[in-house]
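Listed below, chain by chain, are the residues.
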Amino acid sequence: RQLAANTFRCERGRALCVGVAMVNHSCAPNARVWWEADGYMVLAAKRNIEKGEQITITYCCPLLGQPSRLFKLYMSKGFICRCSRCIDSTENQTLMSCIRCTKCKTGFIKPEISPPQE
């Protein structure tokens, strides 16, 4: 499990990229990674990163809602995410996991999150 949690999917399976494997996770990351055609992995900023700010990437699909991301990260990486997006029931104002109220049509119903206990 430890090896799978610290490797990246690539064309031939999984690859261990030691430097990038040390980059921490956030569901609202400031950087991203991708593979170049020549087999090199690229780590690049998605926005300006302030001096002293931690560089983060996402370990799962950012389009998943909060409950799905929490479950996936816990099962595949072995940790409970406590990033700014996961601890905020509105997911940084995206309302990604909310359902529009069918009665008033303007409000949103937020899920109650009970993350697994460590």
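What comes next is a walk through the structure.

The rules behind the values
- Residues numbered from 1 in each chain as written.
- Predicted model: local features only at pLDDT ≥ 70, side-chain atom pairs only at ≥ 80, totals over all residues.
- Heavy atoms only, no water.
- Core = buried A, V, L, I, M, F, W, Y, C linked by side-chain atoms within 4.5 Å.
- Buried < 20%, exposed > 50% of the residue type's maximum accessible area, 1.4 Å probe, protein only.
- Contact = heavy atoms within 4.5 Å.
- Helix = DSSP H or I, 4+ residues; strand = E, 2+ residues; numbered from the N terminus.
- Expected span 1.5 Å × (residues − 1).
- Arc of directions from axis to C-beta.

1. As for the nonpolar core
No. 1: The biggest cluster of nonpolar side chains holds eight residues, and these are Phe8, Cys17, Val20, Ala21, Val23, Ala31, Met41 and Ile57.
No. 2: Among residues more than four places away in sequence, those in contact with Met41 are Phe8, Cys17, Val20, Val33, Trp34 and Trp35.
No. 3: Among the nonpolar cores identified, the runner-up in size contains seven residues, and Cys27, Cys60, Cys81 and Cys86 belong to it.

2. Brief notes about the environment of Phe79
No. 1: Here Phe79 shows up in the loop between α3 (66-77) and α4 (84-87).
No. 2: When near neighbours in sequence (up to four residues on either side) are disregarded, Phe79 contacts His25, Tyr59, Leu73 and Tyr74.

3. Topic: α3
No. 1: Here α3 spans 16 Å end to end across twelve residues, near enough to the 16 Å set by a 1.5 Å rise per residue.
No. 2: Along α3, the positions that sit buried rather than exposed are Gln66, Arg69, Leu70, Leu73 and Lys77. Buried residues of α3, viewed axially, fall in a sector of 100°; they line one side.
No. 3: At the C-terminal side of α3, Gly78 shows a positive phi close to 80°.

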